[in-house]
Amino acid sequence: MTLMSLNLTSQILCEADSVCVGQDGELYYSIDSSNIVYWDWIVPTSGVVTQNNGDSIYINWTSMGFFKVGLRVKDNQGCWSDTSWCYVDVINNSCGLSTGINPICVSHPIQQLPIHIVTGQPNNGVWSGPGIVDSTKGEFHVGVAGIGSHVILYEQTSGRCPVKCDITITVTPGPLISPIYID
């Protein structure tokens, strides 16, 4: 008795070069599937299969990194193919905003300078909200914003993975003291 195996001659096709964390990416294989009875997808633990159509699957990625996904099939004669592999680059699209100082006192002289808000992404998005004096650099100015809680928005729509997030910056009046009178 000779063991037979199918040979998948081409690679699995990835929908795109990269996908975003938290979004579905499609992988599919183009083959005459008339005699295929079982599709065995090999997915790393950082990917959750959200839809399996046999010759295609959708994977939602839970973490960033470079991952390998495999496929092998079984035909109606019981023969298994070799495993075909696809490599998926999963990109982090989280924002991770921080200002370094919060709350901020409106009366402190050092804090009258613009504060640069930092993201976990290249700063090629747009900033908006009270106190933003430069929408491309993310400069927040305490004197322009004034006292109160201010929601600052950051949105980056270019690239494969759009980023949209916000941060709240609280500006306080600072300590108040009553004048001392001497009789």
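The rules behind each value
Per chain, the residues get numbers from 1 upward, laid out in the order the sequence is written. Whole-chain, interface and lining totals are the exception, using all residues; otherwise, since this is a predicted model, local features are given only for residues with pLDDT of at least 70 and side-chain atom pairs are given and counted only at 80 or more. Hydrogens and water are ignored here; the side-chain numbers use all heavy atoms of the structure. The numbering of helices and of strands both runs from the N terminus, where a helix is a DSSP run of H or I of at least 4 residues and a strand a run of E of at least 2. Accessibility here uses a 1.4 Å probe with only protein chains present; expressed as a share of the type maximum, an area under 20% marks a residue as buried, one over 50% as exposed, and anything in between as partly exposed. A contact between two residues is defined here by any heavy atoms of the two lying within 4.5 Å. For the area figures, the Shrake-Rupley method with a 1.4 Å probe applies, and any residue is considered shielded solely by the protein chains shown. Only strands joined by at least two bridges in the DSSP assignment are considered to pair. For the purposes of these results, a polar contact is taken to be a pair of N or O atoms within 3.5 Å, where, inside protein, one atom must be able to donate a hydrogen and its partner to accept one; residues adjacent in sequence count only when each atom of the pair is a side-chain atom. Within 6.5 Å between ring centres, the rings of Phe, Tyr and Trp (the latter by its six-membered ring) count as paired, and their orientation is classed by plane angle as stacked under 30 degrees, edge-to-face over 60, tilted in between. By convention a nonpolar core is built from buried Ala, Val, Leu, Ile, Met, Phe, Trp, Tyr and Cys residues, the set being connected through side-chain atoms within 4.5 Å.

Colleague: Kindly report on the overall build of the protein chain, identifying the contributing residues and their values.
Modeller: Per the secondary structure count, the protein chain includes 1 helix and 17 strands. A total of 183 residues make up the protein chain; the buried ones form 36% of that total. Within the protein chain, contacts between residues separated by at least 24 positions form 56% of all contacts whose residues are at least 6 apart in sequence. Here the protein chain displays about 10900 Å² of accessible surface, and carbon together with sulfur accounts for 54% of that area.

Colleague: Outline the sheet that holds strand β17 (residues 163-172), supporting the account with residue identities and numerical values.
Modeller: The 4 strands lie next to each other as β11-β17-β16-β13, forming an open sheet whose pairing is mixed. Either end of the sheet is taken by a strand with one partner, and the two such strands are β11 (104-105) and β13 (126-128). Examined bridge by bridge, strand β16 (residues 148-156) and β17 share 9 bridges and lie antiparallel to one another. Its bridge partner lying in β17, His150 is registered against Ile169.

Colleague: Any details on the side chain of His150? Residues and values, ideally.
Modeller: Within the fold, His150 resides in strand β16. For His150, a relative accessible area of 8% translates into the label buried. At a separation of 2.8 Å, a polar atom in the side chain of His150 contacts the main-chain carbonyl oxygen of Gly146. Separated by 3.5 Å, the side chain of His150 and the backbone oxygen of Gly148 make a polar contact.

Colleague: With reference to specific residues and values, describe the packing of aromatic side chains.
Modeller: With the rule as written, the count across this model stands at 4 aromatic pairs. On the numbers, 6.0 Å between centres and 10° between planes, the contact of Phe66 with Tyr87 is stacked. Highlighted residues: Phe66 in strand β8 (residues 65-75) and Tyr87 in strand β10 (residues 84-91), separated in sequence by 21 residues. On the accessibility criterion, Tyr87 (44% relative accessible area) is partly exposed.

Colleague: Mind laying out the nonpolar core, listing which residues take part and the relevant values?
Modeller: The nonpolar side chains of soluble globular proteins are, as a tendency, buried together. Ranked by size, the top nonpolar core spans 16 residues in total, and within it Leu27, Trp39, Trp41, Trp61, Val69 and Val88 carry the most contacts. Within the residue set of this core, elements represented by two or more residues are β5 (36-42), β7 (56-61), β8 and β10.

Everything listed here is a matter of geometry and, on its own, says nothing about what the molecule does.
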